[in-house]
Each structure stands twice: as structure tokens, then as C-alpha cells.
Amino acid sequence: VQNLDINIARAVIMIICFIPAIVLHELGHGYVAFKMGDTTAKAAGRLTLNPIKHIDPFGTVLLPVMLAITGMPVFGYAKPVPYNPGRFKNIKKGEVLTGLAGPAVNLILALLTSGIVWLLLSFLPASITGSQGFGWVYTGLYFFVLINLVLMFFNLLPIPPLDGSSIIMPFIPRKYLPTWYKVQRYAMPILLVVVILVPMILRINPLGIYLDATAGNLTNLIFPS
């Protein structure tokens, strides 16, 4: 029962951290697309900090909760920010910068949060930093850094529909781009099935190994222990 309570508390903290991380991730995509000449996200009301506009009930809430409770790396997705690459001033440059904007936002959030914790530990008295209340704050900020880095490294994988696929987009011949966009649109359910089922079937979690080696190690490097 105690372990279940700990897992539930852990899941709640992670969801609280995950929602702003994924909302700002998507907002980054929309903002950069807007700066590159596409007003689709703005017209759809997605250039906002209102989480309701970005939350996907399954991808933003249920999936991360299930992963947190089962001890798997917590990731998920929000409603994809709509954009029309045909409106970009430079299509290939717009695709790359828009795709990489989300992971870049997550990296900035992780670095800023870690910097704030370093400052708090340096300037606050031990009576505060050693308190139980600060311990909960510290735990929440640790998970916020970890989740942002997990989102960054997960999305940088160069496979559709993840953001990293935009890295290889400039090398795809123009005549194949319509097919590429269709693959991106429907690839997420297939990717989720693979990510969840492969560890269950093969008893090995390649995604978890990758995220531990990248997001996990970087979190331990930049976050004060």
C-alpha cells in the first residue's frame, strides 16, 4: 500500500510538471512558425499559455500517468500545433526551426530551473533548505527538469512524427513531401504502440535506456544533488 501511495504521489507530481513543459513546448512550435510567416497557429488560438487549448486528454494526462505509475520514462504529447509550411518564407528553414523550437524550449526550461535551484541552495538558510516543505519543492523542480529533458531528447529522435524528423526533412525531394506529411500525421499511434509493446514483449526497453543515458545523465549533471 505504501509503495502504491508513493507511486501515485510521484505520478501526480510528474503530471503537474509535465503539463507546463508540454504546453510551452507546443507554444514554442507555434511561435516560431508565426515568426517564419505562418499564421495558422495564431488563427487557431494556439499562441496562448492557456493549457486547455493544448491538452490532449490521453497524450497529456492518461499516458503520462500510466507511464509514471508503471515506473517507465514519463513522456506524452499535447495537441499538435497546426501549421502550414506552404506559408513559410523559406519552407525548409521554417520546417527545421519550427520542429526544433519545442525541444529548445524544454532545454531552456531545464537550464533555468536548475539555475534557480542552485541559487536557492546557495542563498537560503539551512533551516529552510532542510525543511520538509522545501524537500517537496526540490523534488518537484527535479522532476520538472527531468521531464523537460526527457521531452527534448525523445522529440529529437529523427523519426516521424517527432520533432527530430524535421532535421532530415530538407533532404527529402519535394515530390515526396506530401507523403511525408501524411506519415507524420498518422505515425504517433504506431510509435506509441511500438514504445509500449516492445519492452513488454522483448523484456528490454531501448527507449528507457536511451533516455536514461541522455536525459537522466544530463539531469544529474546540471541539477544540484
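Because the structure is a prediction, the values reported are computed rather than measured.

Novice: When you look at the overall build of the protein chain in this model, what are you seeing that I'm missing?
Specialist: In terms of helices and strands, the protein chain carries nine helices and zero strands. Starting at the N terminus and walking to the C terminus, you meet the elements of the protein chain as α-α-α-α-α-α-α-α-α. Taken over the C-alpha trace, the protein chain has a radius of gyration of 19 Å; the compact-globule value for 225 residues is 17 Å, and the two agree within 12%. C-alpha atoms of the protein chain, sized along the principal axes, occupy 60 × 45 × 30 Å. Buried positions account for 41% of the 225 residues belonging to the protein chain.

Novice: Teacher, can you tell me more about helix 4 (residues 91–123) here?
Specialist: The terminal C-alpha atoms of helix 4 lie 48 Å apart, and with 33 residues this matches the ideal 48 Å at 1.5 Å per residue to within 8%. For helix 4, the principal kink sits at Ala101 and spans about 35°; a proline, Pro103, occurs within the next four residues.

Novice: Can you walk me through the packing of aromatic side chains in this structure?
Specialist: Think of a pair of aromatic rings as described by two things: how far the centres are apart, and how the planes are tilted against each other in angle. Enumeration over the complete set of coordinates arrives at four aromatic pairs. Taking the centre distance of 5.8 Å and the plane angle of 65° together, the rings of Tyr142 and Phe143 count as edge-to-face. Taking 5.4 Å as the distance between ring centres and 75° as the angle between the ring planes, the aromatic pair formed by Tyr142 and Phe223 counts as edge-to-face. Of the two residues, Tyr142 sits in helix 6 (residues 132–155) while Phe223 sits in the segment after helix 9 (206–222), which places them 81 residues apart along the sequence. Among the residues examined, Phe223 registers a relative accessible area of 4% and is labelled buried. One aromatic cluster is present, built from ring pairs that chain together Tyr138, Tyr142, Phe143 and Phe223. Over the aromatic face of Phe34 sits the side chain of Lys42, whose NZ or CZ is 5.6 Å from the ring centroid.

Novice: Would you mind showing me how to read the pattern of salt bridges here?
Specialist: Side chains carrying opposite charge are able to pair once their charged atoms draw close together. Taken as a whole and assessed by the stated rule, the structure comprises one salt bridge. Salt-bridge contacts for Asp38 lead to Arg87; the nearest nitrogen and oxygen are separated by 3.9 Å. Here Asp38, found in the loop between helix 1 (2–35) and helix 2 (40–43), pairs with Arg87, found in the loop between helix 3 (57–69) and helix 4; they are 49 residues apart in sequence, far enough to count as distant. On the basis of relative accessible area, Asp38 is assigned to the buried category, the value being 1%.

Novice: Just checking my understanding: could you explain the packing of helix 4 against helix 6 for this structure?
Specialist: Packed helix pairs are characterised by how far apart their axes lie and by the angle those axes make with each other. Following both chains from N to C, one finds helix 4 and helix 6 inclined at 155°, their axes separated by 8 Å at the closest point. Classified by the angle their axes make, helix 4 and helix 6 are roughly antiparallel. Seen from above, helix 4 lies across helix 6 with left-handed handedness. Judged by residue contacts, Pro103, Asn106, Leu107, Leu109, Ala110, Thr113, Ser114, Val117, Leu120 and Leu121 of helix 4 engage Phe134, Tyr138, Leu141, Phe144, Val145, Asn148, Leu149, Leu151, Met152 and Asn155 from helix 6. Partitioned by chemical class, the residues of the contact of helix 4 with helix 6 number 15 nonpolar, five polar and no charged.

Novice: For this particular structure, what's the right way to read a nonpolar patch on the surface?
Specialist: Nonpolar side chains collect at one region of the surface, where Val193, Leu197, Met200, Ile201, Leu202, Ile204 and Ile209 lie side by side and expose about 700 Å² of accessible area between them. Top element by residues in the nonpolar patch is helix 8 (residues 177–202). It accounts for five residues. Note on placement: Val193 falls in helix 8. A relative accessible area of 44% means that Val193 is categorised as partly exposed.

Definitions and limits used
- Residues numbered from 1 in each chain as written.
- Predicted model: local features only at pLDDT ≥ 70, side-chain atom pairs only at ≥ 80, totals over all residues.
- Heavy atoms only, no water.
- Helix = DSSP H or I, 4+ residues; strand = E, 2+ residues; numbered from the N terminus.
- Rg over C-alpha atoms; globule rule 2.2 N^0.38 Å.
- Buried < 20%, exposed > 50% of the residue type's maximum accessible area, 1.4 Å probe, protein only.
- Expected span 1.5 Å × (residues − 1).
- Bend = angle between axes of the 7 residues up to and from the residue.
- Phe/Tyr/Trp six-rings, centres within 6.5 Å; stacked < 30°, edge-to-face > 60°.
- Lys NZ or Arg CZ within 6 Å of the ring centre and 35° of its normal.
- Salt bridge = Lys/Arg side-chain N within 4 Å of Asp/Glu carboxyl O.
- Axes fitted to C-alpha atoms, helices over the stretch in contact; angles between N-to-C directions.
- Parallel < 35°, antiparallel > 145°, perpendicular 65-115°, else oblique.
- Left-handed = near helix turned anticlockwise from the far one by under 90°.
- Contact = heavy atoms within 4.5 Å.
- Nonpolar A, V, L, I, M, F, W, Y, C, P; charged D, E, K, R; others polar.
- Patch = residues over 30% accessible without salt bridge, like charges linked within 9 Å, V, L, I, M, F, W, Y side chains within 5 Å.
- Areas by Shrake-Rupley, 256 points an atom, 1.4 Å probe, with all protein chains shown as cover.

Read these as spatial facts, not as claims about activity.
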